[in-house]
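# Structure assessment
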Amino acid sequence: MQAPEAEKRSPWALRLAVSGGLMVLLGVVLISSQSGAISSSMDPRELHHGAYTGEGTFETGALEDTCYRLYQVADEAVMSVELYRVEGFSVVGDALGEKNCLQDFQPMTADDTTMREVASWTLNGSSDYALVVTCESDCSESTGYLMSVNAMQSALFGSTWLVVGFSFCCFGVLTTPLAVIIYYASKPSKAPRVMMVGSDGNLIPITDLNPDHPSFFNQVDQTEDSPPPQAVAPPFADTAEQTQPETYVDGRPEVAAGTMLTTEQVYALMRGDVEGAQERATTQRTNGTKTAEDLVQEAASAAIIASWDEGVPLAEPPSQPQNAAPKGRSPATKPSEQATGAWKDWDEQ
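Criteria and cut-off values
- Residues numbered from 1 in each chain as written.
- Predicted model: local features only at pLDDT ≥ 70, side-chain atom pairs only at ≥ 80, totals over all residues.
- Heavy atoms only, no water.
- Disulfide = S-S within 2.5 Å.
- Helix = DSSP H or I, 4+ residues; strand = E, 2+ residues; numbered from the N terminus.
- Buried < 20%, exposed > 50% of the residue type's maximum accessible area, 1.4 Å probe, protein only.
- Patch = residues over 30% accessible without salt bridge, like charges linked within 9 Å, V, L, I, M, F, W, Y side chains within 5 Å.
- Areas by Shrake-Rupley, 256 points an atom, 1.4 Å probe, with all protein chains shown as cover.
- Salt bridge = Lys/Arg side-chain N within 4 Å of Asp/Glu carboxyl O.
- Arc of directions from axis to C-beta.
- Pairing = 2+ DSSP bridges.
- Axes fitted to C-alpha atoms, helices over the stretch in contact; angles between N-to-C directions.
- Phe/Tyr/Trp six-rings, centres within 6.5 Å; stacked < 30°, edge-to-face > 60°.
- Parallel < 35°, antiparallel > 145°, perpendicular 65-115°, else oblique.
- Left-handed = near helix turned anticlockwise from the far one by under 90°.
- Nonpolar A, V, L, I, M, F, W, Y, C, P; charged D, E, K, R; others polar.

### A short note on the state of the cysteines
Tallying each qualifying case throughout the model produces two disulfides. At a sulfur-sulfur separation of 1.8 Å, the disulfide partner of C67 is C101. Handedness here is read from the sign of the S-S torsion; for C67 and C101, about 85°, the answer is right-handed. Of this pair, C67 sits in strand 3 (residues 67–73) while C101 is found in the loop between strand 5 (90–92) and strand 6 (115–122), placing the two residues 34 residues apart along the sequence. Overall, C101 belongs to the buried group, its relative accessible area being 12%. Between the sulfur atoms of C135 and its disulfide mate C139 the distance is 1.8 Å. Torsion about the S-S bond of the C135 and C139 cystine: about 95°, corresponding to right-handed handedness.

This is the structure we're talking about:
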């Protein structure tokens, strides 16, 4: 019998980590190969509704999307822009308030040119608008690009390879923490998983499964000095197995100690012979052996008890005077009448 191999971590942690790294690498390669698509869909200089240079009022025409921003190159002079609604050939109303929208989509250029966001608007419907551009300094060479963020979103998701590259990168990033969780969750436990119940009822950890382990084959010798079984608490006390004693108990020590009555003493008390029962108890305490006279007396007592059970009176023994009457009894009462009266009294009680 060979010892089992040591537990190892789950191999899926390494597999997921390698798969995640490969997906991230493949996604980066695909995105890098689509730099032209990124530039054409996320660069305001290439994808814009209109470009406006210097100060002045510029008609934008109909704006049909809901989210628009005005960008300019960060190195150029800062432009201040306001958007007005146009009805016919004139500007009406107040300037529209600025409101940010679709913050997850930001411009990106292929030549790493930094673009500054000048203004942002959220429109409720299609209409004609006009831009009023002012500058604190000379901005005759500064250009602002009005870009529809909705158009940027549509162009970005319209490129198949860009979507595939972004998907690979997202799956790879999500797989890496999952691999870390599985790696730490599959850590083998140092505690033994195999337990054995000992002779005292306690669990014993088994760390070395081999034929020479003493806990498997060495049994505890059961001797006569083994501890007594534990008591069973109620309500299952009556279901516990009771061990019967191997030696016969006749009750002689209890009779000699005066804590138990013999059959002869019980019958003597039934006859009302208290003195005879006491004498017999005293004799049994002082002398454990019976003499011939005791045996004769016991036989006579047994015969008298049998005659009582059958209802037939026995003759008085010759040694006993005919005229003498036992203590506590009337001399004029005959044995048959005495026996009949005793049974009558016993039945009435």
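Past the structure itself, the notes keep going.
### Thoughts on a nonpolar patch on the surface
On the surface, L261, V266, Y267, L269, M270 and V274 cluster together to form a nonpolar patch covering roughly 510 Å² of accessible area. For the nonpolar patch, the element with the most residues is helix 7 (residues 263–271), which contributes four residues. Here L269 lies in helix 7. Looking at L269, the relative accessible area reads 40%, which means it is partly exposed.

### So, helix 3 (residues 149–157)
Note that an α-helix has 3.6 residues per turn; residues three or four places apart therefore point the same way. Among the residues of helix 3, V149, N150, M152 and L156 are the ones counted as buried. Considered in projection along helix 3, the buried side chains sweep an arc of 160° and stay on one side of the axis.

### Here we look at the pattern of salt bridges
Using the criterion set out here, one finds two salt bridges in the structure. In this structure, D43 engages R45 in a salt bridge whose closest nitrogen and oxygen atoms are separated by 3.2 Å. On the basis of relative accessibility, which here comes to 2%, the residue D43 falls in the buried class. Judged by relative accessible area, which is 27%, R45 ranks as partly exposed. Between D111 and R45 there is a salt bridge, with its nearest N and O atoms 2.9 Å apart. Linking D111 in the loop between strand 5 and strand 6 with R45 in the loop between helix 2 (35–42) and strand 1 (50–53), this pair joins segments that are 66 residues apart in sequence. Accessibility expressed as a relative area gives 47% for D111, which makes it partly exposed. Members of the salt-bridge network, linked through shared partners, are D43, R45 and D111.

### Some remarks on the sheet that holds strand 3
Pairing is antiparallel across the open sheet formed by four strands, whose spatial order is 1-8-3-6. Looking at which strands have only one partner, the edges of the open sheet turn out to be strand 1 and strand 6. Adjacent strand axes in the sheet meet at a mean angle of 25° when their direction is disregarded. Pairing of strand 3 with strand 6, which is carried by seven bridges, proceeds in the antiparallel orientation. Looking across to strand 6, one finds that C67 is bridged to T122.

### Re the packing of aromatic side chains
Here the structure, examined in full by the defined rule, presents three aromatic pairs. When the ring of F105 is compared with that of F157, the centres are 6.3 Å apart and the planes differ by 75°; the resulting orientation is edge-to-face. Placement of the pair is F105 in the loop between strand 5 and strand 6 and F157 in helix 3, with a sequence separation of 52 residues. Looking at F157, the relative accessible area reads 53%, which means it is exposed. Measuring from ring centre to ring centre gives 5.3 Å for Y183 and Y184, while their planes differ by 85°; the resulting arrangement is edge-to-face. Classification of Y183 by relative accessible area gives partly exposed; the value is 38%. What makes Y184 exposed here is its relative accessible area of 58%.

### Let's talk about the sheet that holds strand 2 (residues 56–63)
Taken together, the four strands give an open sheet; going across it, the order is 2-7-4-5, and neighbouring strands pair in antiparallel fashion. Of all strands in the sheet, those with a lone pairing partner are strand 2 and strand 5, marking the two edges. Taking each pair of neighbouring strands and ignoring which way they run, the sheet shows an average axis angle of 45°.

### Examining the packing of helix 1 (residues 12–33) against helix 4 (residues 160–185)
Helix 4 packs onto helix 1 with a crossing angle of 160° between their chain directions and a minimal axis gap of 7 Å. Between helix 1 and helix 4, the crossing angle belongs to the class labelled roughly antiparallel. Between helix 1 and helix 4 lies a crossing of left-handed hand. Classifying every residue of the contact of helix 1 with helix 4 gives 20 nonpolar, five polar and no charged.

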